[in-house]
Structures are given as C-alpha cells and as structure tokens.
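# Geometric and topological summary
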Amino acid sequence: MITMPKPILLSISLCLVVLVNRCLAQSGGRQQPRFGECQLKRLDALEPSNRIEAEAGVIESWDPNNQQFQCAGVAVVRRTIEPNGLLLPQYSNAPQLFYIVKGRGITGALFPGCPETFEESQQGQSRIRPSFRTTSFPRDRHQKIRHFREGDVIAIPAGVAHWCYNDGDTPVVIVALMDTANNANQLDQNPRNFYLAGNPDDEFRPQGQQEYEQHRRQQQHQQRHGEPGQQQRGSGNNVFSGFDAEFLADAFNVDIETARRLQSNHDDRRSIVKVEGNLQVIRPRWSREEQEREDRRERQRELDLERERRQSRRTGGRFDNGLEETVCTLRLRENIGDPSRADIYTEQAGRISTVNSKNLPILGWLQLSAERGALYSDALYVPHWNLNAHSVVYAIRGRAEIQVVDNYGQTVFDDDLREGQLLIIPQNFGVVKRATEEGFEWVAFKTNEDAMISPLVGRTSAIRAIPEEVLANAFQIPREDARRLKFSSQETFLARSRSRSRPSSTDIRRVVEA
C-alpha cells in the first residue's frame, strides 16, 4: 500500500483551509428576486405546510414556493429532536441560521482541511470501544464539538456538513432559515439538503409528491438490477446511494457489505434517528457556568483580533496571514435568549437582543443576522422599518397584534401572530407590534449581516430628525403641534401602550405575587 509523506498531507490540509477561507470570504451578496415577486398585496401569518415524522423527531417546513418566501429568497424548517435523537449529518446549498427555541444538545460542523482537535484517550478507547483494544486502529479523533442551549443562534455556511444530538431530557426545537438567494448558492433557489447518511425525505416537498418520487426511484432501481456496473447501487436518498458499492468499498478500503450499509437501503428511520443508550463522543464536560465563561473568552479573543485588524488597516499593514485566521477557529454560536444579554431594555415594555457580524464575525460571510425580542403585556414595538434587510419573524411564545404597511401606504397585514407562526416582513415595509395580555416573544432572521432599523416614533426617529417647520408644512399642522409631534414621545424602540391604560390581569397578578 502506497502512503503519502506527512509533509504532503500537511500541505494539502493547509491548501484546503486557505481555499475554504477564501471561498467563504467571497460568498457574500444576494441574488435579486425575479420581477414581480415582491409585489405583495397581502401578507399572511404562515403555519408549516409539510410534516414528516422520523424515528426520533418531527420535521416541519414552510412552503418555499409561497410568494412571501420567494420575495425574501429564504426557506424555513422547524425540527423537533427527541431526547437521544440524532439529526443525521447533512449539508445544504445555502447558508443557514439555526435558532434553538428550546432544549440543549451538541453539534458538529465539519470544515474541510481543519484539524481533528478532539482526541480520544487510551482510557476512553477502552471504555467506548473495547472491541478495538487488540486491533491496529488508531484512537478516535474528530473536529470540534460545540454545545448548544436554548436561545443560541448557530451559523452554518453553505456546503458545510453538520449534525445535532439531543443529550438532554426534553425535546430540542430548532428553527432553521436557509438563505437560498445568497450568492454562495449557485444552484437554483430551491432549498436542497444533501444527507451523508440515512434514507431521509425531502423536507420541503409535500408527502404525496415524495411517495411518488420514492416509487419512481424504486422502479429505476429494479430496472437497473442485473445490468453490468449497476447492480451494486443503492435505492436510498443519501449521497452514497448513487455510487456503486464496489467503488465505495475501494475508496473506504472496507468490505462490500459495509459499503452497502452506507447506502442505507430500506432504512425507514428518516433524518432523525434514535441512538441506543447515549452518544459516546469526545467532548469537554462543562457546566453551564463554565460554558458561559468560555463563550466570553472566545468573544473577547475575536474582539481583540478585530481591533488589531482595524488598526492594521489604518496603518496600511497586512494582518491576514491566511493560516491562523481561518474558519477552524471561528465561533459559530452566540446566545441571544438570555435576558442579561439584552441590547435594548425598557423596564415596563421589554427587551431586544441582536447578533450580527460585529459580535459573531462569521455572519459577515453568511450575510445574515438575527434579533430576539420580548414584549411584556400590552407593550409596543414602535412603528419602524428595516433599512437593508427582509425580516423573517417566528413567534416563540405568546401573541402580538401586528400591522405592516407597503410603499403605497396600504395595510398588507393587520392580524395576530401566534406561537409557532411565521411572518415575512419585506425590506422597507413599515411595521408595528403590540403584545397582547399574555406578552410576546419572537426571533427575527435578517437577510443582512448588519441589519438596521429606523424607528418612525421616539427620540431616535426620522420624525425627530426633521425640522419643525418641515413637519408643519408637510402635515399642514400648526408649528406647536409639530413640536409636540417631535418631542412628546421619549422612547426609542419599546414603549408601554398608552391606548391600554387599564392594568391587565397579568399586571394585577404580578403585583399580587410581589
């Protein structure tokens, strides 16, 4: 058997790391929607249109062909992973943002050329795989495993394989956005997941259509059976299924039966499978406090690195060496669910947290960001618009009354948004949210790495920035009324609803409990 010298392997790994780094750095930008796709006369609060039940969870997706999704150039799926459930390794044709609605677990993102920094000890090898004690197999090594918990945003670049495992006692719920209009996707705007294992269904295709496609594939498999060079191909849905088993056996240096197992023929567990016992992988055992400390250290390291980068640019130097600053060491996760993490907080109204390229630099490559908000009972998120991004709003808890206005001044949405529903707010459309008595919590995915909003009301609003005389003439009102219009509201983004001055039952209950 011919082996490659270690220096050559090291050179190939370094080349892969640099190549991935360059590809990600150049993957920014978005494709423009086709003519008429954003001529939306009406918006709807949308429920998932497709549901797939797997062995250890449920996959629900929204119809990506809906005009609202076509305008925003995105697709959305919600996955529920039961305890001990494993979401099989997969990659997609578009960058993704995950939001962990509930639960905790571990995940791995597999970057080509990055080192296997997690290694099994001799004691771990004997404990996890006792059958290998007398064999010549090396100890297990793999790329970094990351812990996640409720409130986390996880960034996954296009084409990067990843998996998730629920190691907790309650279901994990993940809402994932795929930015199919991103320039990193050079296929069409249909969302596509490529699985490395299993026999999964297409998450975005209606069940009846999937059954037809499965029947068609089985017929094709039967027609090929017995033909030279074709009899070893599988009928599954993962990327290994279409290769000859003999080719796979040669490539992996395994027997033909093991190669056939890669093709997952007749595997009906779908994309979320049950792990027998517990998933035994190499990972640090951290408490939540230790995890938060490590997160702060990583965040500070990235901020220091970004500060040095800016200083180097100002002095005309070159800071990027192409090796140390790679995706291998970048953070993929940021928690925005913790109330203490809030960027905007009003004691009587609520809070908002954001994640963008400034506090999670990989989002600068993905061209995505996110906002996590909580409105207290009857509180108001003042009228505003998104300057440079579409906003895909998913209701986490509670209910809100929302109004959206287009460029013609027409109300295109005037309804409630409830838990589990989704609303797409196109760029520049005006929007206002008011929580009902039960309050309202949401996450909004934004199609820009540094999404900005401009309020229409309050001390940082467009109205506040306009001279009184301009307002008086524009609205045909006395100058005194123009001054009142400018200065009567002192809030920035969140406010207590003045039209509902009577205390709600929730407020009364809070007082009684206090």
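Residues numbered from 1 in each chain as written. Predicted model: local features only at pLDDT ≥ 70, side-chain atom pairs only at ≥ 80, totals over all residues. Heavy atoms only, no water.

Looking only at helices and strands, the protein features 12 helices and 25 strands. Here the protein holds 514 residues, and the buried ones make up 47% of them. Of all intrachain contacts in the protein linking residues separated by at least 6 positions in sequence, the fraction that spans at least 24 positions is 76%. When the accessible surface of the protein is summed, it comes to about 26,800 Å², and 50% of that surface belongs to carbon and sulfur atoms. (Helix = DSSP H or I, 4+ residues; strand = E, 2+ residues; numbered from the N terminus. Buried < 20%, exposed > 50% of the residue type's maximum accessible area, 1.4 Å probe, protein only. Contact = heavy atoms within 4.5 Å. Areas by Shrake-Rupley, 256 points an atom, 1.4 Å probe, with all protein chains shown as cover.)

Ranked by internal contacts, the top residues of the largest apolar core, which has 68 residues, are Phe 69, Val 76, Leu 86, Leu 97, Tyr 99, Val 392 and Phe 445. For this core, the element with the highest residue contribution is strand β12 (residues 172–178), accounting for 7 residues. Each residue touching Tyr 99, except ones within four places of it in the same chain, is listed here: Gly 151, Asp 152, Val 153, Val 173, Ile 174, Val 175, Ile 336, Gly 337, Arg 372, Ile 396, Val 443 and Phe 445. Of all hydrophobic cores here, the second largest spans 26 residues; its members include Leu 40, Tyr 381, Ala 395 and Ala 435. (Core = buried A, V, L, I, M, F, W, Y, C linked by side-chain atoms within 4.5 Å.)

Okay, the side chain of Ser 391 next. Tracing the backbone through its elements, the reader meets Ser 391 in strand β20 (residues 391–405). Classification of Ser 391 by relative accessible area gives buried; the value is 3%. Each residue touching Ser 391, except ones within four places of it in the same chain, is listed here: Asn 386, Leu 423, Ile 424, Ile 425, Ala 444, Phe 445 and Lys 446.

Counting all residues, the mean pLDDT for the protein is 82, and 73% of those residues have values of 70 or more. Contacts from residues 14–20, a stretch scored under 50 in pLDDT, to residues over four places away or in other chains number 13 contacts. A low-confidence stretch, residues 318–325 stays under pLDDT 50, and its non-local contacts, those more than four residues away or across chains, total 16 contacts. (pLDDT = per-residue confidence, 0-100.)

Counting buried positions along strand β10 (residues 152–156) gives 5 out of 5 residues, so the element sits mostly inside the fold. The alternating pattern of β10 places Asp 152, Ile 154 and Ile 156 and Val 153 and Ala 155 on opposite faces, both of which are buried. Inspection of the sheet shows strand β5 (residues 96–102) paired to β10 by 4 bridges, in the antiparallel sense. Residue Leu 97 lies in a different strand from β10, and its bridge partner there is Ala 155. The pairing of β10 with strand β15 (residues 333–335) spans 3 bridges and is classified as antiparallel. The residue of β15 that forms the bridge with Asp 152 is Asn 335. (Pairing = 2+ DSSP bridges.)

We now examine the state of the cysteines. The full count for this structure, using the stated rule, is 1 disulfide. For Cys 38, the disulfide goes to Cys 71, at an S-S distance of 2.0 Å. Note on the Cys 38 and Cys 71 pair: the S-S dihedral is about 100°, so by sign convention the disulfide is right-handed. In this pair, Cys 38 sits in the loop between α1 (6–25) and β1 (50–54) while Cys 71 sits in helix α2 (residues 67–72), placing the two residues 33 residues apart along the sequence. (Disulfide = S-S within 2.5 Å.)

Another aspect to go through is the pattern of salt bridges. Enumeration according to the criterion identifies 27 salt bridges in this entry. The partner of Arg 333 in a salt bridge is Asp 152, with the nearest N and O atoms 3.1 Å apart. Within this pair, whereas Arg 333 is found in strand β15, its partner Asp 152 is found in strand β10, the two being separated by 181 residues in sequence. The class of Arg 333 is buried, set by a relative accessible area of 11%. Salt-bridge contacts for Arg 270 lead to Asp 201; the nearest nitrogen and oxygen are separated by 2.4 Å. Here Arg 270, found in the loop between α6 (256–262) and β14 (272–274), pairs with Asp 201, found in the loop between β13 (193–195) and α4 (207–224); they are 69 residues apart in sequence, far enough to count as distant. Residue class for Arg 270 comes out partly exposed when judged on its relative accessible area of 27%. Taken together, the shared-partner salt bridges connect Arg 51, Glu 53, Glu 60 and Arg 78 into one network. (Salt bridge = Lys/Arg side-chain N within 4 Å of Asp/Glu carboxyl O.)

As a further point, take the pairing of β12. On any regular strand, side chains alternate: one points to one face of the sheet, the next to the other face. The element β12 is extensively covered by neighbouring structure, given that 7 of its 7 residues are classed as buried. Here β12 shows a buried face lined by Val 172, Ile 174, Ala 176 and Met 178 and a second buried face lined by Val 173, Val 175 and Leu 177. Bridging between strand β3 (residues 75–81) and β12 involves 7 bridges; their strand directions are antiparallel. Looking at β12, one finds that Ala 75 is bridged to Met 178.

On to the packing of helix α10 (residues 468–475) against helix α11 (residues 479–487). Relative orientation of the contacting elements α10 and α11 amounts to 110°, with a least axis distance of 8 Å. Classified by the angle their axes make, α10 and α11 are roughly perpendicular. When the axes of α10 and α11 are compared, the crossing they make is right-handed. Counting all contacts with α10, which are made through Glu 468, Glu 469, Leu 471, Ala 472 and Phe 475, the residues of α11 involved are Arg 479, Ala 482, Arg 483, Leu 485, Lys 486 and Phe 487. (Axes fitted to C-alpha atoms, helices over the stretch in contact; angles between N-to-C directions. Parallel < 35°, antiparallel > 145°, perpendicular 65-115°, else oblique. Left-handed = near helix turned anticlockwise from the far one by under 90°.)

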